[in-house]
Amino acid sequence: MRRRRADGDDESGRTAGRHGRPGAVRVRGQDAPQAVPGARRAAVDGFLLAGFPWYGLDEAFTGQRWLMQVGTATDGTVEHGSTGHGDEPSLLTELGQEEQRFTVVVTVASRPVRRSPDGTGVLEATSVTSAAWLAGAGLLAGTWPAQMERALRQDWLDQQTAIAWELANDLDGGAWSILQLPVDGVQTDFHYRESEYGWVLAAAARDGVHIGAYGRGMSAYGLGFSVIKDLESYT
């Protein structure tokens, strides 16, 4: 997602929107968030502040689930966030990168073109491209070559991130194919691409959100997505 300043220049920025409470997400018991320690509690609190529903893999997935971070606008409005499934991707894990099996689902609020919270410019509308970009960047962050020399890592990440942005802006290009997967039980066309680091997909969903996902070691072809009705399953 990009922010266009009033003077016409573009810069990377988080999207803004209205505050609200999610109608579809709950945590069992009024004191459930307090029962989640440290970072997990903070993650739950962030997800509960969103004014849109969150998506994850449907009930066919029976493995580990966890909450990742939310992205906010400068006024604190939650704009997007991610939920994890399977192995938590890490460069420090005892498992080799090739052995890690995970899928991360990114939910992005659908926003129109609007003024930035600080009034200095205009934020572009979110779209499936936004979801594809966040998913592509997330895949790179969790799977870049661990054996690479430290001095080269940032250059590699900058280069690959730029490529991911260009690909996300060309969803009708040859790098993408169409993959039909169920979203809340309805077959939905996803833009899908593979790379040596894993796969990325993105589509529009109901309830005013866009869905992105990325993964490694788990095939995207058998996945299904649904609204998360109980965050406790992710804590």
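First, a word on scope: everything that follows refers to the structure included in this document. Predicted model, so just to flag it, every value in this text is computed and none were measured.

## Concerning the pairing of strand β12 (residues 209–216)
Here's step 1: Burial runs high along β12: eight of the eight residues are buried.
Here's step 2: Note that strand β6 (residues 102–109) and β12 share eight bridges and pair antiparallel. Counted as the bridge partner of V108 is H210 from β12.
Here's step 3: The sheet contact formed by strand β11 (residues 198–204) and β12 spans six bridges and is antiparallel. Along β12, the bridge assignment pairs W199 with G215.

## So, the packing of aromatic side chains
Here's step 1: Following the criterion strictly, the structure yields seven aromatic pairs and no others.
Here's step 2: Plain terms: the ring middles of Y192 and W199 are 6.5 Å apart, the flat faces sit at 35° to each other, and that makes the pair tilted.
Here's step 3: Its relative accessible area of 4% is what places Y192 among the buried residues.
Here's step 4: Through successive ring pairs, a cluster of aromatic residues spans F47, F52 and W54.

## With respect to the pattern of salt bridges
Here's step 1: Across all of its chains, the model carries two salt bridges by this definition.
Here's step 2: Between R111 and E79 there is a salt bridge; the shortest N-O distance is 2.8 Å. A residue pair is termed long-range when its members are at least 10 positions apart, and R111 in the loop between β6 and β7 (114–115) and E79 in strand β5 (residues 78–86) qualify at 32 residues. The exposure classification of R111 matches that of E79, with both residues buried.
Here's step 3: With a shortest N-O distance of 3.2 Å, R206 and D184 are connected by a salt bridge. With R206 in the loop between β11 and β12 and D184 in the loop between β9 (177–183) and β10 (186–195), the pair connects residues that are 22 residues apart, well separated along the chain.
Here's step 4: We classify R206 as exposed; its relative accessible area is 51%.
Here's step 5: Here D184 falls in the partly exposed class, since its relative accessible area comes to 25%.

## Section: unusual backbone geometry
Here's step 1: The backbone of D184 shows a phi angle near 55°, a positive value even though the residue is not glycine.
Here's step 2: Despite not being glycine, D207 shows a phi value in the positive range, around 65°.
Here's step 3: Tracing the sequence through the fold places D207 in the loop between β11 and β12.
Here's step 4: Take D207: its relative accessible area is 48%, and that puts it in the partly exposed class.

Definitions and limits used
Residues numbered from 1 in each chain as written. Predicted model: local features only at pLDDT ≥ 70, side-chain atom pairs only at ≥ 80, totals over all residues. Heavy atoms only, no water. Buried < 20%, exposed > 50% of the residue type's maximum accessible area, 1.4 Å probe, protein only. Helix = DSSP H or I, 4+ residues; strand = E, 2+ residues; numbered from the N terminus. Pairing = 2+ DSSP bridges. Phe/Tyr/Trp six-rings, centres within 6.5 Å; stacked < 30°, edge-to-face > 60°. Salt bridge = Lys/Arg side-chain N within 4 Å of Asp/Glu carboxyl O.

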